[in-house]
Amino acid sequence: MEAVVPHEITTELTQILANLVLGDNKIRSNAEQAVNDRLAQTPDLYLLALAQFSIAADTEVMRSFSLVLLRRLLFRTAPGQQPGEGRLTLYDQLPAHALTTLERLLLHSLSHEPLDAVRRKTVDTVCDLANNSMSRGRPWHALQAQTFTMTQTGEAGFRECAYRLFSGCPNLVMDLQTDAVLTVFRKGLQDSQSVEVRLAALRASVSYLTACDQHQLSHSLSLLYPMLDTLPSLPNIHLKSFLSSLTPLCSSHPNLFVPHMNALLSFLRGLIMPSVDSGPTPTVAKPFPGTSSSFTFPPGGPDTSRTPDDSDEVTEDEEKESVRKAALEFMVSLTEAKPTLAKRSEGWTAAMVRASLEGMGELPEDTLDSWLETDPSEDAQDENYPHVYEQSLDRVACALGGKAVLPPAFQYIPSMLANYDWRLRHAGLMAIAAIAEGTSKVMQMELGKVVDLVTPMFKDAHPRVRYAACQCVGQLCTDLEEIIQDRYHEQLFAALIPTLEAPESRVHSHAAAALINFCEGVERDTLVPYLDPIVERLLKMLNPGAEDGKVVKGYVQEQAITTLAMVADASEATFAKHYSSIMPLLLNVLRNANSSDHYKLRAKAMECAGLIAIAVGRNVFRPDANTLIELLIKIQNSPVDPSDTMLPNFLIATWAKICQALGTEFEPFLPVVMPPLLNAASAKADVSIYDDEDEVGEMREGWETISMDGQIVGIRTSTIDEKCQAFDTLVVYCATLGGRFAPYLTQSLELSLPALKFYFHDGVREAASRLIPSLFTCGKQSGTLTSQMVAASFLQLIHSIRAETDPSFLSSLYRALADGLRVVGIPALTPDLQAALIEATKHQLQTLADKRKRRAESPEDDREELALLEEVEEFALEDMEKLLKMLDGQHPLLVAVSSVRDLGFNQWDSEEERDSDG
């Protein structure tokens, strides 16, 4: 193909690309700068040169590299843009003739590239170009024609790329006759020569069905038959990819699978179940797991049973396992998307439940010694734990509820708990924990039987089973909070308290962790009779001078301190009798735990000291208050170790707890705590804008991404989490100290008003909305609140109300405004402000009315989700109504509020459907 750019450009680009792939950082950095410079000056020449290079380069590596680079650069933000111009890319700066030439070069690469690997890179680049061109109104008819032609070629590699194009750019076929499209896809799905072609055609079919409108979809239902027919004849090495490619369609269009449920169950059940399935309980089919299926001699010698094909057997087992997980994921995804479909398909739920239970029992054997010695937070064995099966069981339970899941689960769980194999007993307990959340409404009716099954397991001979019993009880205490604590506290305490003295560190520390979950839902009077034996055992865990002379593991001390804190919090003033035993230990930790391996222990000790101070009250705490405060000041003023990421959060939180404990006596310490607190509250979001998803993969740890205004935005979560905590702490200080917080009123208000629009973190906005009326109270008590402060605050709240799209935070904004008016009086809302508030409220009422009308026109939407959404809106309408009544008990907009409320969905066709999640 003749050159489209001058020879000197090609020569220069060849050198730049060669330098980009070198290992020398300096040379590569200079080459990157050269690319940026050339693109800033003549983007069309260098982008076309890259496309030409993808055809003309001698080596596979350089042709591939030029295609990858072209794809990334085309839609990179163009240099030199001014704020407010909108995001323009290099593509948007290319003249029409350059775009035409670029398209022609890429089509040439598609049809002439000899190597499959490079041609797939061309496909990726072409799909990006086609999708972006079409979204800008530029069709690419030549690509459409060439792709259809490629489906007819004799070479499988070209046919595969054709279907890859349809998959990556479904718009190529969306305006064509449905029958013609289906014919082409069927041909690819039935390709007898190439599995790769069939897989690409399957992915293309999924993309097409996902992109179809309702009319097209109704005429494309028959495509499911050849799509599913690709599965049965596949070997395991390919089956996983086919199942994984189909799974997104389960989530987006579950109704497509309705006619196929029986056939799917027949096929998938064989993939997710053990190869032999002859018993009523898991593993009966293979009574001695971990043993060889055939007799070998001599026994006991190393590798005597290995044959040259053993590695092939391992690979085959791995392939079978990956297929098993892919098949289960397919079934679970379909179940989550359409629970009623799973419930109506006999055997579907039972198959998923049993397969999950089977998988949960497949723990590695003979790893107990290393498990016992490992810190739970650093447990490498955790990678071998069958998380997929446990999570699948949890997801199925949440999707289907107790009526559907508990019967098949408890068909197997009791016999698992009685099994000779510790792994099955472990799996039975973890299964109860996994299903508790989703089945809680029904499980609570049979909770006594569940407790009777679980509590004997605390005496099991195997440490990992006792560990699982702790996990199970802890999870039950969370998912059936208050119910299990109220009804069965005697049985649970009788199991947990002795386990605090288990000989294994991992077991007794996990029992302490389970107590935390228990205490979160327990009444104080229920806990008090057990307080002495609990504290006695926790102190024994904490104190390194144990009777047996063993050194207590760090994670055990950390857990003991955390549990003591929660027990103190739950038992309140009753904890005072244990204060003198515990506070000196905590102060000692804060004095001495300064090395890096004790940072977590120190942080937990801070938290515990603060919670105990609140629990026992200022009179008990006062003698130690100055000592604790001096230690915290010393820690706060010590050189910062960047590796101690916990310290800033725990310091802020502990200062807040001490403030709550001391009340107004905390005022003298405000000059110490407020500077770092205000600094944290004023932190700007640390964000990065990514041009494409490829860059997101290179993100650092501690960052998250959100999509905002069509761009991918990376946010450093630690910064905004500290900001949120700082605002929560300001609320505590202001509410606790009242008028004594006045020296910081102005600064706090200046931070709070803009924080109402801090969209990166809902917690910051919520805390800011609570802080504003609290600052009004502070200012009124101290005489420092000015009319300008009040007016500016109300104006910002009203602007935020008008702009808000989240009904949950809208409710908070109306509450903040109402609470502020209660402090300063209705007259503070001037006529102009009142008019602006009414206009903002009218706007929100119209928005809510429009949303509810649209929902009424879409009866297919998830009813439960709609009910939850409208429940949140009801809170907003309620707070809006309260504010309007404050202004005028007969306000005209009250009628509009009632009218919007009447538009709500809020009705269920039958009580049976409403309760089906139970």
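Residues numbered from 1 in each chain as written. Predicted model: local features only at pLDDT ≥ 70, side-chain atom pairs only at ≥ 80, totals over all residues. Heavy atoms only, no water.

### Focus: the overall build of the protein
For step 1, the next point in the chain: What the protein contains, in helices and strands, is 43 helices and three strands.
For step 2, the next point in the chain: Put simply, the protein has 918 residues, and 49% of those count as buried.
For step 3, the next point in the chain: Put simply, 73% of the contacts in the protein that link residues at least 6 apart link residues at least 24 apart.
For step 4, the next point in the chain: Looking at the protein as shown, the accessible area adds up to about 42,400 Å², and 51% of this sits on carbon and sulfur atoms. (Helix = DSSP H or I, 4+ residues; strand = E, 2+ residues; numbered from the N terminus. Buried < 20%, exposed > 50% of the residue type's maximum accessible area, 1.4 Å probe, protein only. Contact = heavy atoms within 4.5 Å. Areas by Shrake-Rupley, 256 points an atom, 1.4 Å probe, with all protein chains shown as cover.)

### Quick word on empty space enclosed by the protein
For step 1, the next point in the chain: Applying the stated rule across the entire model yields two cavities of 30 Å³ or more.
For step 2, the next point in the chain: Looking at the largest cavity, the residues that line it are Leu13, Val35, Arg38, Leu39, Tyr46, Leu50, Leu69 and Leu73.
For step 3, the next point in the chain: At the level of secondary structure, the elements contributing two or more residues to the lining of the largest cavity comprise helix 2 (25-41), helix 3 (43-56) and helix 4 (60-74).
For step 4, the next point in the chain: With three residues, helix 2 is the largest single contributor of residues to the lining of the largest cavity.
For step 5, the next point in the chain: Residue composition of the lining of the largest cavity, grouped by class: seven nonpolar, no polar and one charged.
For step 6, the next point in the chain: Its boundaries defined by the atoms lining it, the second largest cavity holds a volume of some 50 Å³.
For step 7, the next point in the chain: Lining the second largest cavity, in full, are Glu804, Thr805, Asp806, Pro807, Leu810, Gln844, Thr847, Leu848 and Lys851.
For step 8, the next point in the chain: The greatest single-element share of the lining of the second largest cavity, amounting to four residues, is contributed by helix 40 (residues 831-856).
For step 9, the next point in the chain: Here the lining of the second largest cavity is built from residues that sort into three nonpolar, three polar and three charged. (1 Å grid on protein atoms, 1.4 Å probe; cavity = no way out; pocket = protein on both sides within 12 Å on 5 of 7 lines; lining within 4 Å. Points joined across faces, edges and corners; volume = space filled by probe spheres on them. Nonpolar A, V, L, I, M, F, W, Y, C, P; charged D, E, K, R; others polar.)

### Observations concerning helix 7 (residues 141-150)
For step 1, the next point in the chain: Among the residues of helix 7, those classed as buried are Leu143, Gln144, Gln146, Thr147 and Met150.
For step 2, the next point in the chain: Each element contacted by the buried residues of helix 7 is listed here: helix 5 (96-112), helix 6 (116-135) and helix 8 (156-168).

### With respect to the side chain of Asp879
For step 1, the next point in the chain: Here Asp879 shows up in helix 41 (residues 863-887).
For step 2, the next point in the chain: Judged by relative accessible area, Asp879 falls into the buried class, the value being 9%.
For step 3, the next point in the chain: Leaving out residues up to four positions away in the same chain, Asp879 has contacts with Ser811, Tyr814 and Arg815.

### Regarding the confidence of the model for the protein
For step 1, the next point in the chain: For the protein, per-residue confidence averages 86 on the pLDDT scale, and residues scoring 70 or more make up 87% of the total.
For step 2, the next point in the chain: Counting interchain partners and residues more than four positions distant, the pLDDT-below-50 stretch residues 283-308 has 18 contacts.
For step 3, the next point in the chain: Here residues 907-918 scores under 50 on pLDDT; set against residues more than four positions off or in separate chains, the count is 22 contacts. (pLDDT = per-residue confidence, 0-100.)

### Structural notes on the pattern of salt bridges
For step 1, the next point in the chain: Taken as a whole and judged by the stated rule, the model has 39 salt bridges.
For step 2, the next point in the chain: As a salt-bridge pair, Glu373 and Lys553 come within 3.4 Å of each other at their nearest N and O atoms. Of this pair, Glu373 sits in helix 18 (residues 368-373) while Lys553 sits in the loop between helix 27 (531-542) and helix 28 (554-571), and the two are 180 residues apart along the sequence.
For step 3, the next point in the chain: Relative accessible area serves as the criterion here: at 25%, Lys553 is assigned to the partly exposed category. (Salt bridge = Lys/Arg side-chain N within 4 Å of Asp/Glu carboxyl O.)

### Notes on the environment of Leu848
For step 1, the next point in the chain: Structurally, Leu848 is set in helix 40.
For step 2, the next point in the chain: The contact partners of Leu848, leaving out residues within four places of it in the chain, are Glu873, Leu877 and Val900.

### Quick notes on the packing of helix 23 (residues 463-479) against helix 24 (residues 483-499)
For step 1, the next point in the chain: Two elements in contact, helix 23 and helix 24, have axes separated by 12 Å at closest approach and are oriented at 155 degrees. When the axis of helix 23 is compared with that of helix 24, the two are roughly antiparallel. Of the two elements, helix 23 crosses helix 24, and the hand of that crossing is left-handed. Contacts between helix 23 and helix 24 involve Cys470, Val473, Leu476 and Cys477 from the former and Ile484, Gln485, Leu492, Leu496 and Thr499 from the latter.
For step 2, the next point in the chain: Of the residues contributing to the contact of helix 23 with helix 24, the split by class is seven nonpolar, two polar and no charged. (Axes fitted to C-alpha atoms, helices over the stretch in contact; angles between N-to-C directions. Parallel < 35°, antiparallel > 145°, perpendicular 65-115°, else oblique. Left-handed = near helix turned anticlockwise from the far one by under 90°.)

### Examining helix 22 (residues 447-454)
For step 1, the next point in the chain: Along helix 22, the positions that sit buried rather than exposed are Leu447, Gly448, Val450, Val451 and Val454. Buried residues of helix 22 fall within an arc of 160 degrees about the axis and therefore sit on the same side. For helix 22, exposure combined with an orientation more than 90 degrees from the buried face picks out Lys449 and Asp452.
For step 2, the next point in the chain: The secondary structure elements touched by the buried residues of helix 22 are helix 20 (402-417), helix 21 (422-443), helix 23 and helix 24. (Arc of directions from axis to C-beta.)

### Description of the nonpolar core
For step 1, the next point in the chain: Counting residues in hydrophobic clusters, the biggest one holds 295 residues, and the most contacted among them are Phe621, Phe666 and Phe741.
For step 2, the next point in the chain: If we skip the residues at most four places from it in the chain, Phe621 touches Tyr579, Met583, Ala613, Val616, Leu628, Ile658, Ala661 and Leu662.
For step 3, the next point in the chain: Trp371, Tyr467, Ala502 and Val507 belong to the second largest nonpolar core, which has five residues in total. (Core = buried A, V, L, I, M, F, W, Y, C linked by side-chain atoms within 4.5 Å.)

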